[in-house]
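Listed here are the chains, written in short residue letters.
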Number of protein chains: 2
Amino acid sequence: MTSHLRNSGSHIALSPRVEPKLTLADELRIRLADDIVRGFLPLGATLDESQTARRFQVSRTPVREAFRELAASGLVDAKPHRSTLVARPDSERLNAMFETMAELEAVCAGLAAQRMTVAERQSLQEIHEQLRVLSFAGNPEQFHEINEQFHNAIYIGTHNNYLGELTIATRKRVQPFRRAQFRNLGRLHKSQAEHHHVVEAILREDRAAASAAMHAHIDLVHNEYESYAGSTLEGEMAGRLRTG
Amino acid sequence: MTSHLRNSGSHIALSPRVEPKLTLADELRIRLADDIVRGFLPLGATLDESQTARRFQVSRTPVREAFRELAASGLVDAKPHRSTLVARPDSERLNAMFETMAELEAVCAGLAAQRMTVAERQSLQEIHEQLRVLSFAGNPEQFHEINEQFHNAIYIGTHNNYLGELTIATRKRVQPFRRAQFRNLGRLHKSQAEHHHVVEAILREDRAAASAAMHAHIDLVHNEYESYAGSTLEGEMAGRLRTG
DNA sequence: GATGATTTGTACGTATGTATA
DNA sequence: ATATACATACGTACAAATCAT
């Protein structure tokens, strides 16, 4: 992954509208957010402005602006006159984020059950079927990808874009703690079974059941993380890196 | 309200730790967010960087950073190479925000019913009583102030800080559309009655009832806005200012 | 549609505050 | 505790894009 953002001399501008003309700050924000949620940047890591600027061959100005936006979205922690750090929520806050995600996803599933169009319901079923196949193929990366599509399909089905955005933002903030989930092959099939209850309820247009099934699903994701983090003691260890 | 942020020469630094040393960008963000939610800055207004910089006697750099953060929080709309505008959601998005607020507030009330400490329940009752008195005194500004305290008390009662932050953020984004609410004196008493159902359910530790009562309350706030906006045709008119 | 005026985006230098020896 | 080193905060100059004519 060579990281040169600076595209010296735009080449091959065949079709117009290919580039929405993003600013460097925007590209940096997207790139850094991706690095954080993918776990490429470790939690609690120091994000040096000059260093980051050199890394991407830009000045510090767009880097600063990207950091500020990431701070506003909660992915990094920035205090005045102090270096920006990749956010590392303590266990209380992490629990709060998981719980909130469960509530948000539950509301989404409930609304989707009431509002999805025929086409949207069919699309959801197709994605669900893809996941079933993948749960046997056992490719964690691919399963994760389609799993996101599954949840996105439900957000769209709510016909409430704002709610979808809030939910996605929360998902992103929790993602670093869900990453290892699908390493466990057994988890793929369990996830599949949980999804099945959600899909079934949505197709029945049963709001309460869809909501409850999704809530249960996210709670299990949370539990899965806790048992993983607890077993590896990663949470404890990470917690003592700076505070101890 | 003279607007000089520049405090030339810090004076009287008696006790240490009085000033958390906010940056200019932070102060600007807070100030501008306040101006927006209070309706001081009209929806859709253009926020010129240089102009704003001159207004506060600072350079464009902190202004830009403040704009970026406001954009991340959704209060302003910023596209690359275009002036930043005070966000003016269309009716579909506004409905989505109201609906989401109702769901979030409902979840908060439900969790609070289960989790509030004795002290927190008592505090909630006291605030509720203050509102009852104010609903007769009929001071809209003061009622609004204590009303925010009422809802904040519930967020605290959830013991889920993240959820509280999301809910507050959503409340802020909708606030410009709730401003005129309490001009209507009758609304104060209706609001009071709705709150009563919420408080009662919370004190009974009845999660479902608290959640439902709060949901109904916010829905009525939404309806109140719609009938107001509809009657003044403000929504329609504003909608045609730029798009037409 | 081209050109000038205006506004935003980026780079960089200096000031200021923080952390370390 | 003072001084030094270092990172961030801010101002200014210039480049690039948009808007108005």
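Analysis parameters
- Residues numbered from 1 in each chain as written.
- Chains lettered and ligands numbered in written order.
- Predicted model: local features only at pLDDT ≥ 70, side-chain atom pairs only at ≥ 80, totals over all residues.
- Heavy atoms only, no water.
- Helix = DSSP H or I, 4+ residues; strand = E, 2+ residues; numbered from the N terminus.
- Buried < 20%, exposed > 50% of the residue type's maximum accessible area, 1.4 Å probe, protein only.
- Areas by Shrake-Rupley, 256 points an atom, 1.4 Å probe, with all protein chains shown as cover.
- Phe/Tyr/Trp six-rings, centres within 6.5 Å; stacked < 30°, edge-to-face > 60°.
- Least-squares fit on C-alpha atoms with pLDDT ≥ 70 in both.
- Contact = heavy atoms within 4.5 Å.
- Domains from an automatic or database assignment.
- Buried area = accessible area lost by both parts, 1.4 Å probe.
- Salt bridge = Lys/Arg side-chain N within 4 Å of Asp/Glu carboxyl O.
- Polar contact = N/O pair within 3.5 Å; in protein donor to acceptor, adjacent residues only side chain to side chain.
- Axes fitted to C-alpha atoms, helices over the stretch in contact; angles between N-to-C directions.
- Parallel < 35°, antiparallel > 145°, perpendicular 65-115°, else oblique.
- Left-handed = near helix turned anticlockwise from the far one by under 90°.
- Nonpolar A, V, L, I, M, F, W, Y, C, P; charged D, E, K, R; others polar.
- Pairing = 2+ DSSP bridges.
- pLDDT = per-residue confidence, 0-100.
- Core = buried A, V, L, I, M, F, W, Y, C linked by side-chain atoms within 4.5 Å.

**Q** Lay out the overall build of chain A with the relevant residues and their values.
**A** Within chain A, the regular secondary structure consists of 10 helices and 3 strands. Ordered by position from N to C terminus, the α and β elements of chain A give α-β-α-α-β-β-α-α-α-α-α-α-α. Within chain A, the fraction of its 244 residues that count as buried is 45%. Carbon and sulfur atoms make up 52% of the accessible area of chain A, which amounts to about 13,000 Å² in all.

**Q** Break down the packing of aromatic side chains for me, with residues and values.
**A** Residues and elements named next belong to chain A. Applying the stated rule across the entire model yields 4 aromatic pairs over all chains. On the basis of an interplanar angle of 85 degrees and a centroid distance of 5.7 Å, the ring pair of F177 and Y225 is categorised as edge-to-face. Taken together, the positions of F177 in the loop between α7 (161-174) and α8 (185-203) and Y225 in helix α9 (residues 207-232) put the pair 48 residues apart, joining distant regions of the chain. For the pair formed by F177 and Y225, the shared burial category is buried.

**Q** For the relation of the copies chain B and chain A, give the residues involved together with the corresponding values.
**A** Taken as rigid bodies, chain B and chain A are interconverted by a rotation of 180 degrees and an axial shift of 0.0 Å, the fit giving an RMSD of 0.1 Å. What the rotation and shift describe, once combined, is the action of a two-fold rotation axis. Of all interface residues in chain B, 100% are interface residues in chain A too; the two copies therefore contact each other through one and the same surface.

**Q** Lay out the domain arrangement of chain A with the relevant residues and their values.
**A** All names here are of chain A. For chain A, the assigned domains read domain 1 (24-86) and domain 2 (91-237). The straight-line distance from the C-alpha centre of domain 1 to that of domain 2 is 28 Å. Contact residues are listed per partner, giving 8 residues for domain 1 and 6 residues for domain 2. At the boundary of domain 1 with domain 2, total buried surface from both sides reaches about 580 Å², with 66% on carbon and sulfur atoms. Counting the surface domain 1 buries against domain 2, the share from its top three residues, V37, L43 and L75, is 61%. At the junction of domain 1 with domain 2, the criterion picks out 0 salt bridges. At the boundary of domain 1 and domain 2, one finds 1 residue pair in polar contact (both at pLDDT 80 or more).

**Q** Describe the environment of R55(B), naming the residues involved and giving the relevant values.
**A** Residue and element names in this part refer to chain B. Within the secondary structure, R55 sits in helix α2 (residues 49-56). A relative accessible area of 37% places R55 in the partly exposed class. Between the C-alpha atom of R55 and that of K21, which follows or precedes it by 34 residues, the distance is 21 Å.

**Q** Describe the packing of helix α4 (residues 91-115) of chain A against helix α6 (residues 140-157) of chain A, naming the residues involved and giving the relevant values.
**A** All names here are of chain A. α6 packs onto α4 with a crossing angle of 60 degrees between their chain directions and a minimal axis gap of 7 Å. One finds that α4 runs oblique with respect to α6. By crossing handedness, the relation of α4 to α6 is classed as left-handed. Counting all contacts with α4, which are made through E105, C108, A109, L111, A112 and R115, the residues of α6 involved are H151, I154, Y155 and G157. In terms of residue class, the contact of α4 with α6 is built from 6 nonpolar, 2 polar and 2 charged.

**Q** With reference to specific residues and values, describe the sheet that holds strand β3 (residues 84-86) of chain A.
**A** All names here are of chain A. One open sheet accounts for 3 strands, arranged β1-β3-β2; its pairing is antiparallel. Looking at the sheet topology across the chains shown, the edges are occupied by β1 (46-47) and β2 (76-77). Bridge count between β1 and β3: 2 bridges; the pairing is antiparallel. Bridging from a neighbouring strand, T46 pairs with L85 of β3.

**Q** Quick one: what's the story with the confidence of the model for chain A, residue by residue and with numbers?
**A** Interpreting fine coordinate detail is not advised for predicted regions of low pLDDT. Residues and elements named next belong to chain A. On average, residues of chain A score 87 in pLDDT, and 86% of them are at 70 or above. Every residue in residues 7-17 is under pLDDT 50, and counting partners more than four places away or in other chains gives 1 contact. Within the model, the stretch residues 235-244 combines pLDDT values under 50 with 6 contacts to residues more than four positions away or in other chains.

**Q** So what's going on with the nonpolar core? Which residues, and what values?
**A** One recurring pattern in soluble globular proteins: nonpolar side chains tend to sit buried together. I154(A), I202(A), I154(B) and I202(B) are the most contacted members of the largest nonpolar core, which totals 84 residues. Residues within four places of I154(B) in sequence aside, it is in contact with C108(B), A109(B), A112(B), M116(B), L124(B), V198(B), I202(B) and M214(B).

**Q** Would you mind going over unusual backbone geometry in detail, with residue names and values included?
**A** Residue and element names in this part refer to chain B. Backbone geometry at H159 places phi at a positive 55 degrees, although glycine is not the residue there. As for its placement among the helices and strands, H159 is situated in the loop between α6 (140-157) and α7 (161-174). A residue is classified by how much of its surface remains accessible, and H159, at 45% relative accessible area, is partly exposed. For E205, which is not a glycine, the phi torsion comes out positive at approximately 60 degrees.

**Q** How would you explain the pattern of salt bridges if you had to name every residue and give the values?
**A** Between side chains of opposite charge, a pair can form when the charged atoms approach closely. Here the structure, examined in full by the defined rule, presents 40 salt bridges over all chains. E65(A) is paired through a salt bridge with R68(B); the nearest N and O atoms lie 3.4 Å apart. In this pair, E65(A) is assigned in helix α3 (residues 60-73) and R68(B) in helix α3 (residues 60-73), connecting two distinct chains. Using a relative accessible area of 5% as the deciding quantity, one classes E65(A) as buried. Of the charged contacts in the structure, one is a salt bridge between R64(B) and E49(B), with a shortest N-O distance of 2.9 Å. Residue R64(B) is found in helix α3, and its partner E49(B) is found in helix α2; the two are separated by 15 residues along the sequence. Given the relative accessible area of 26%, R64(B) is considered partly exposed. Counted as one network, the salt bridges with shared partners bring together D26(A), R29(A), E65(A), E69(A), E49(B), R60(B), R64(B) and R68(B).

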